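One letter stands for each residue in the lines below.
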Amino acid sequence: MKSLAKQFANHTIERAYHAVVWGSPRLGDGLIETQIGRNPFDRKRMGVLRGGGKEARTRYRVIERFGSETRPFASLIECRLETGRTHQIRVHLTHLGHPLIGDASYGRSRQAPAGKKP
């Protein structure tokens, strides 16, 4: 266990996470670089700040889009963290305009489109 903690501390371990988000980023992959800190309007949440936050970097890649090709309603995204800030993936994907499905704190209330009936 000490070895794993040391790898995290030295940033020699790579962390990859999968997330299902509303909509789909225009680009199939990219890097989100921001400063993250306490949301000045809601101290229980974190947010992207123009200044005074901690540097945060997340690389993302769209794995699969769900719905129509021109307007997908959701996507499966892989996120690789270059930094490890509190709620980083949630904050970054919301900042990108694609919050995690089911995230009551950072997401929006949305419903998936009704499926076609046979």
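The structure this text deals with has already been given above.
Asker: Lay out the pattern of salt bridges in plain terms, naming residues and giving numbers.
Answerer: Using the criterion set out here, one finds seven salt bridges in the structure. Between E55 and R57 there is a salt bridge, with the nearest N and O atoms lying 2.2 Å from each other. Put simply, R61 and E78 hold a salt bridge, and the shortest N to O gap is 3.5 Å. In this pair, R61 is assigned in strand β4 (residues 54–67) and E78 in strand β5 (residues 72–81), connecting sequence segments 17 residues apart.

Asker: Describe the sheet that holds strand β2 (residues 29–38), and please don't skip the residues or the numbers.
Answerer: One open sheet accounts for five strands, arranged β1-β5-β4-β2-β3; its pairing is antiparallel. Unpaired on one side and paired on the other, β1 (15–22) and β3 (46–49) mark the two borders of the sheet. Neighbour-to-neighbour, the strand axes of this sheet turn through a mean angle of 45°, independent of strand direction. Inspection of the sheet shows β2 paired to β3 by four bridges, in the antiparallel sense.

Asker: Go over helix α2 (residues 88–95), please, and point to the residues and values.
Answerer: Within the sequence span of α2, burial applies to Q88, I89, V91, H92 and L93. On the buried face of α2, the contacting elements are β1, β2, β3, β4 and β5. Backbone geometry just downstream of α2 places G97 in the positive-phi region, at approximately 95°.

Asker: Please set out the pairing of β2 residue by residue, giving values where relevant.
Answerer: Each regular strand carries side chains that alternate between the two faces of the sheet. In this structure, β2 lies alongside β4, joined through eight bridges in antiparallel fashion. Along β4, the bridge assignment pairs E33 with R57.

Asker: An account of the environment of G102 is requested, with residue identities and associated values reported.
Answerer: Turning to its location among the elements, G102 is positioned in the segment after α2. Once the C-alpha coordinates of G102 and V20 are considered, the two residues, 82 residues apart in sequence, prove to be 9.1 Å apart.

Asker: Tell me about the environment of R26, residues and numbers included.
Answerer: Locating R26 in the fold gives a position in the loop between β1 and β2. Among the residues examined, R26 registers a relative accessible area of 85% and is labelled exposed.

The rules behind these values
- Residues numbered from 1 in each chain as written.
- Predicted model: local features only at pLDDT ≥ 70, side-chain atom pairs only at ≥ 80, totals over all residues.
- Heavy atoms only, no water.
- Salt bridge = Lys/Arg side-chain N within 4 Å of Asp/Glu carboxyl O.
- Helix = DSSP H or I, 4+ residues; strand = E, 2+ residues; numbered from the N terminus.
- Pairing = 2+ DSSP bridges.
- Axes fitted to C-alpha atoms, helices over the stretch in contact; angles between N-to-C directions.
- Buried < 20%, exposed > 50% of the residue type's maximum accessible area, 1.4 Å probe, protein only.
- Contact = heavy atoms within 4.5 Å.

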